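Given next are the chains, with one letter for each unit.
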Amino acid sequence: MRRLIFFGGAGFLLLFALSFVKPASAASSTMYTWTPSKLYKTASGVAYSRNVNSGTAVTVYSKSGKRYKVKAGGKTGYIYADNLTRSKVKKEDYFGSKIYKQAAGGPYVASVPAGKMMYIKMEATKNGMYLAHVIGTGYSGYVYKTHFIKPVVKYTWMPSKLYTSATGNSYNKTIKDGQKVSVFNGSHGRYQVKAGNSSGYIYANNLTGLLAKKTVYASSKLYTSSSHTKYTAVIRPNQQVYVKESSQNMSHICVVGTAQSGWIYTSHFTKPAPAAGGTTSTTTGTSQTGSSTAGGKTTGTATGSTSGSASGTTGSAAATSGTTTTGNTGSGSASGTTATGNTGSGSASGTTTTGNTGSGSASGTAATGNTGSGSASGTTTTGSTGSATASATTTKGLDVSHYQTLTQDSFNLMKSQGYNFVILKATEGSGYTDSKFYTYYKYARNAGLSVHAYHMIGNSTTTSAQHIAEAKHFYQVLAQTKAKTGYAFTGYAFEDIEPTGTNSITTTWWANAAPACAGYFLNEMQTLGQTKVGIYAGYFNWKSYLEGHTDSWPSNTKIWLARYNITLGTNADVWQYTETGTIDGITGHFDLDISYDPDF
C-alpha cells in the first residue's frame, strides 16, 4: 500500500511516497540483420564500431532518421533500418540465380549456383521476388521466389525444346526423350526447368511424373488421339516406347529415339504367348489356385486363347468371350464370361462373378457375395469381404471464351470425345459481356454438355460497392440466357480472381483484401438468386491468401483451381490442369479441366 504523508505550512503541500514504482525502460523489440551491417556510433555519422554479420539478432530501441538505435552483441549503436527485418528467414536457392538490383529484373550484381543459402527480408517481397543476401558473400539484391521452392523431378517422354522464356519461340537446345529434369514452376503452359546444367522452359505436356518404357509387340497404328479415328504412322513390332498416360484402352506414347508420338492400343504391350498348336495345356495335381495356363505360360487371365468351356476341371483355362466356367479350381475367364462357384477364378471386362473365393473382377464388373474380391473402374461390389473399389468418379471438361473460334460441330466433337462439361466466360468488370457467351452457351447445350459460366474480376478496390456492382452485371447477363438461347442458365457461376492488365491486382491486395472482396461478390450473387456459386484462382494464390479465409463466403461455394502440374496437390471441386490442351478435330489450344463433383 502506498502511504502518503502531508506537510502543511506557508500555503504549500509536500507529497511523497514511501513506496515507489520502478520506471519503465525504453520500449524495445528484437529484429535481425538480413545483410551484413555496420554498427554506427551515431544516428547520422560515418564512424562505426564494428561489423554485424547477416542473420544476427539485435535489440531495437528507437528510430532516428534512417537508422535504428540497437544493441548488438553487448554494444550499442545505430544500424540502417533497411538492413533489418522482423523475421529471421533462411532459405536455400535450389535453382541458381542472378541477384538483381531491382525487383523488376534488369541489371544484376552477380550469378550464384544452386545450393546457396540466403537470408530473406520478407517485408520487401514484390513482383514475385525476394530481397535477399547470399550468406558468406557480399551479394544482396532481388531473387525470384520460385527458385526457393524445392523442385519436382519429372521426365521428358518425348524430345523437348528448352525455350529461353515462358512465351517466346527461341530455344537453346532440344532435350532428348527419357531425360530427368527438375521442375520449378509453371507459366503459360510451360515449366521452368533445369536439365543437367542447362535451364529454360519446356511445355508441360512434354513432361511426365513417372517414366514408363515399354516394348510394342504388335504392329501398331499411331493415332492422333485416344478416340483412334486418325493415324499418322505404323509402328513395327519390338519397338520401344515411352508411355505418358493411358485412356480408354489406349496409351499416349513416343517411340524411343524419335519424335514420333501419338496413341496406340494398350493391349499391344502384352507379349503374345508361344504358339500352342491349337490346344490348351493344363496342369493337374499342382497348387495353382487362381491361375490359368496357356501354351506353357502361367497367367492370371488368358485372352484370345482356345474357345470353349471347361467344367469340373482342375487347373483349366477358359478365356474366349462367351465362355461359361462352373465348379472349377484355378479357372480363368475373361470378356463377357460368367464364373460361378469357382475357387480362385479371375474374370474381367463385363463379367459377372457370384459366390466365388478370391475372385477378381474389373472394368464394369458386378461382383456379389465374394470373398477377397477386387473391383475397379466403375465396378459395383455387393456383400463382398475385403473388396477394394478404385478410380474415383471424375468428369472431363474445358473452359472457353471468345478467344476460341468454335462452331456447333466443335461442341459436338467435345461431347463425342468424352467431355462432359464446359465453363464459358460471360462477363468482366461491371459492364463487359463476352461476345460469344450466348452463342457458345446454345451450342454447348445443343451438344448435351453441362454448361457453367465465369466472371473475370475487373477491379481491385477494397470496398464492397464495386464487387457488388460486378456481381449484379454477371447475374443480369446469366438471367437473359433463356431469352437469348432458349435454354435457362442452370449451372454454376464462378468469380475468376487473377491479375489482368486492367484490374491492378497486387500482392498487397491479395494479402489484405482478396477473401473479403470475394465474399462481397459471392454473397451478392446468392442474394440476387444465383445460389450455385464458385471461385476460380491459381493454386499459389489459393494456398497463400484464400484457403482458410472463407468464413464470409457462402457455405456451398465450389472451388476451381488452376495448377499445371502432374497432380493438383490439394482439395478442390474442379482442377484446370493445362492451358495448352488439344481436342482432335478442333484447331487451337484449350484450358482442360477435371471435375471431382457430380454436379458437373
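The structure we're discussing is the one just above.
So, here's what we can say about the structure. Along each chain, numbering runs from 1 in the same order as the chain's sequence is written. Given that this is a predicted model, residues contribute local features only at a pLDDT of at least 70 and side-chain atom pairs are listed and counted only at 80 or more, while totals for whole chains, interfaces and linings are drawn from all residues. Working from all heavy atoms in the structure, the side-chain values ignore hydrogens and water.

## A short note on the overall build of the protein
Okay, step 1: Put simply, DSSP H or I for four residues or longer makes a helix, DSSP E for two residues or longer makes a strand, and each gets a number counted from the N terminus. Across its full length, the protein carries seven helices and 44 strands.
Okay, step 2: Across the 600 residues in the protein, those meeting the buried criterion constitute 41%.
Okay, step 3: For this analysis, residues touch if any pair of their heavy atoms sits within 4.5 Å. Nonlocal contacts in the protein, meaning residues at least 24 apart in sequence, comprise 49% of its contacts between residues at least 6 apart.
Okay, step 4: Element-wise, carbon and sulfur atoms account for 49% of the exposed surface of the protein, whose accessible area totals about 29,400 Å². The buried label goes to any residue with under 20% of its type's maximum accessible area, the exposed label to any with over 50%, and the partly exposed label to all in between, with areas taken from a 1.4 Å probe on protein chains only. For accessible areas, the Shrake-Rupley method is used with a probe of radius 1.4 Å. Any residue's cover is judged against the shown protein chains and nothing else.

## As for helix 2 (residues 437–446)
Okay, step 1: Along helix 2, the positions that sit buried rather than exposed are Phe437, Tyr438, Tyr440, Tyr441 and Ala444. Taken end-on, helix 2 shows its buried residues confined to a sector of 165°, consistent with a single buried face. Our arc is simply the arc of the directions from the helix axis toward the C-beta atoms.

## A word on the packing of aromatic side chains
Okay, step 1: Each aromatic pair joins two rings of Phe, Tyr and Trp (for Trp, the six-membered one) with centres within 6.5 Å, and gets the label stacked for planes under 30 degrees apart, edge-to-face for over 60, and tilted for any other angle. The final tally for this structure, using the stated rule, is 29 aromatic pairs.
Okay, step 2: Ring geometry for Tyr492 versus Phe494: centroids 6.5 Å apart, planes at 40°, classification tilted.
Okay, step 3: On the basis of relative accessibility, which here comes to 6%, the residue Tyr492 falls in the buried class.
Okay, step 4: Here the aromatic rings of Tyr492 and Phe600 are separated by 5.4 Å at their centres, their planes lie at 15°, and the arrangement is stacked. Of the two residues, Tyr492 sits in the loop between helix 4 (481–485) and strand 40 (493–496) while Phe600 sits in the segment after strand 44 (586–595), which places them 108 residues apart along the sequence. Both residues of the pair, Tyr492 and Phe600, count as buried.
Okay, step 5: The structure contains a cluster of three or more aromatic residues connected by ring pairs, namely Phe421, Tyr454, Tyr492, Phe494, Tyr536, Trp560 and Phe600.

## Describing the pairing of strand 19 (residues 180–187)
Okay, step 1: Strand direction decides the pairing type here: strand 16 (residues 152–156) and strand 19, joined by four bridges, are antiparallel. Along strand 19, the bridge assignment pairs Val152 with Val183. Any two strands between which DSSP finds at least two bridges are classified as paired.

## Here we look at the nonpolar core
Okay, step 1: Counting residues in hydrophobic clusters, the biggest one holds 53 residues, and the most contacted among them are Leu398, Phe411, Met414, Val422, Phe437, Leu478 and Trp509.
Okay, step 2: At six residues, helix 6 (residues 514–528) tops the list of elements feeding residues into this core.
Okay, step 3: Leave out the neighbours within four places in its chain, and Phe411 touches Leu406, Val422, Tyr440, Tyr443, Ala444, Ala447 and Leu449. Residues grouped as a nonpolar core are buried Ala, Val, Leu, Ile, Met, Phe, Trp, Tyr and Cys residues, joined through side-chain atoms within 4.5 Å.

## Some remarks on unusual backbone geometry
Okay, step 1: Of note in the backbone geometry, Asn127 takes a positive phi value of approximately 55° without being a glycine.
Okay, step 2: Here Asn127 lies in the loop between strand 13 (117–126) and strand 14 (129–134).
Okay, step 3: Notably, Ser504 is not glycine yet its phi reads approximately 60°, a positive angle.
Okay, step 4: Turning to its location among the elements, Ser504 is positioned in the loop between strand 40 and helix 5 (507–512).

## Some points on helix 1 (residues 408–416)
Okay, step 1: Buried within helix 1 we find Ser410, Phe411 and Met414. Viewed end-on, helix 1 has its buried residues packed into an arc of 95°, placing them on one side of the element. Structural note: helix 1 exposes Asp409 and Ser416 on the side pointing more than 90 degrees away from its buried face.
Okay, step 2: Directly after helix 1, the chain includes Gly418, whose backbone phi takes a positive value near 95°.

## So, the side chain of Asp177
Okay, step 1: Relative to the helices and strands, Asp177 resides in the loop between strand 18 (171–175) and strand 19.
Okay, step 2: Positive charge is attributed to Lys and Arg, negative charge to Asp and Glu, and no charge count is given to His or to the chain ends. Each salt bridge in this description consists of a side-chain nitrogen of Lys or Arg and a carboxyl oxygen of Asp or Glu lying within 4 Å of one another. Buried charge without a salt bridge: Asp177, with Lys176 as the nearest opposite-charge side chain at an N-O distance of 7.5 Å.
Okay, step 3: Engagement of the side chain of Asp177 in a polar contact is seen with the backbone nitrogen of Gly257, the distance being 2.9 Å.
Okay, step 4: Beyond its immediate sequence surroundings of up to four residues, Asp177 is in contact with Thr156, Trp157, Met158, Pro159, Tyr242, Val255, Val256, Gly257 and Thr258. Here a polar contact is recorded for every N or O atom pair within 3.5 Å, except that within protein the pair must consist of a potential hydrogen donor and a potential acceptor, and residues adjacent in sequence are included only if both atoms are side-chain atoms.

## Here we look at the pattern of salt bridges
Side chains that differ in charge, positive against negative, can pair when their charged atoms come close.
Okay, step 1: Scanning the entire structure with this criterion turns up four salt bridges.
Okay, step 2: Put simply, Glu428 and Lys425 hold a salt bridge, and the shortest N to O gap is 2.7 Å.
Okay, step 3: Through salt bridges that share partners, Lys558, Asp597 and Asp599 make up one connected network.

## Details of the side chain of Thr208
Okay, step 1: With respect to the secondary-structure elements, Thr208 resides in strand 22 (residues 207–208).
Okay, step 2: The class of Thr208 is buried, set by a relative accessible area of 4%.
Okay, step 3: A polar side-chain atom of Thr208 sits 3.2 Å from the main-chain carbonyl oxygen of Leu210.
Okay, step 4: When sequence neighbours within four positions are dropped, the list of residues in contact with Thr208 reads Lys154, Tyr155, Trp157 and Lys244.

## Some thoughts on the environment of Val153
Okay, step 1: As for its position among the elements, Val153 is in strand 16.
Okay, step 2: A sequence separation of 27 residues divides Val153 from Lys180, and the C-alpha atoms of the two residues are 6.8 Å apart.

## What to know about the packing of helix 3 (residues 464–479) against helix 6
Okay, step 1: In this analysis an axis means a line fitted to C-alpha atoms, helices contributing only their contacting stretch, and an angle means the value between N-to-C directions, from 0 to 180 degrees. Between helix 3 and helix 6, whose axes approach to 8 Å, the crossing angle comes to 40°. Looking at the two axes, helix 3 sits oblique to helix 6. Considering the relative orientation of helix 3 and helix 6, their crossing is right-handed. Within the contact between the two elements, helix 3 uses Ser464, His467, Ile468, Glu470, Ala471, Lys472, Phe474, Tyr475 and Leu478 and helix 6 uses Cys517, Tyr520, Phe521, Glu524, Met525 and Leu528.
Okay, step 2: Any residue outside Ala, Val, Leu, Ile, Met, Phe, Trp, Tyr, Cys, Pro, Asp, Glu, Lys and Arg is labelled polar, Gly included; the first ten of those are nonpolar and the last four are charged. A breakdown of the residues in the contact of helix 3 with helix 6 according to their chemical character gives 10 nonpolar, two polar and three charged. Roughly parallel here means an angle under 35 degrees, roughly antiparallel means over 145, roughly perpendicular means 65 to 115, and every remaining angle is called oblique. Should the near helix be turned anticlockwise from the far one by less than a right angle, the crossing is termed left-handed; should it be turned clockwise, right-handed.

## Considering the environment of Val112
Okay, step 1: Counting through the fold element by element, Val112 comes out in strand 12 (residues 105–112).
Okay, step 2: Owing to a relative accessible area of 7%, Val112 belongs among the buried residues under this scheme.
Okay, step 3: Once you skip the residues sitting within four places of it in the chain, Val112 turns out to touch Asp93, Gly96, Ser97, Ile99, Met118, Val134 and Tyr139.

## A look at the pairing of strand 26 (residues 239–247)
Okay, step 1: Looking at chain direction, strand 23 (residues 212–216) and strand 26 are connected through five bridges and run antiparallel. Looking across to strand 26, one finds that Thr215 is bridged to Gln240.
Okay, step 2: Bridging between strand 26 and strand 27 (residues 250–255) involves six bridges; their strand directions are antiparallel. Directly across from Ser246, in strand 27, lies its bridge partner Ser251.
Okay, step 3: Between strand 26 and the antiparallel strand that follows it, strand 27, lie two residues; Gln248 among them carries a positive phi value of about 55°.

## Description of the environment of Lys69
Okay, step 1: Within the secondary structure, Lys69 sits in strand 7 (residues 67–72).
Okay, step 2: For the pair Lys69 and Ala43, spaced 26 residues apart in sequence, the C-alpha to C-alpha distance is 7.4 Å.
Okay, step 3: With near-sequence residues (within four places) excluded, Lys69 lies in contact with Thr59, Val60, Tyr61, Ser62, Thr76, Gly77 and Tyr78.

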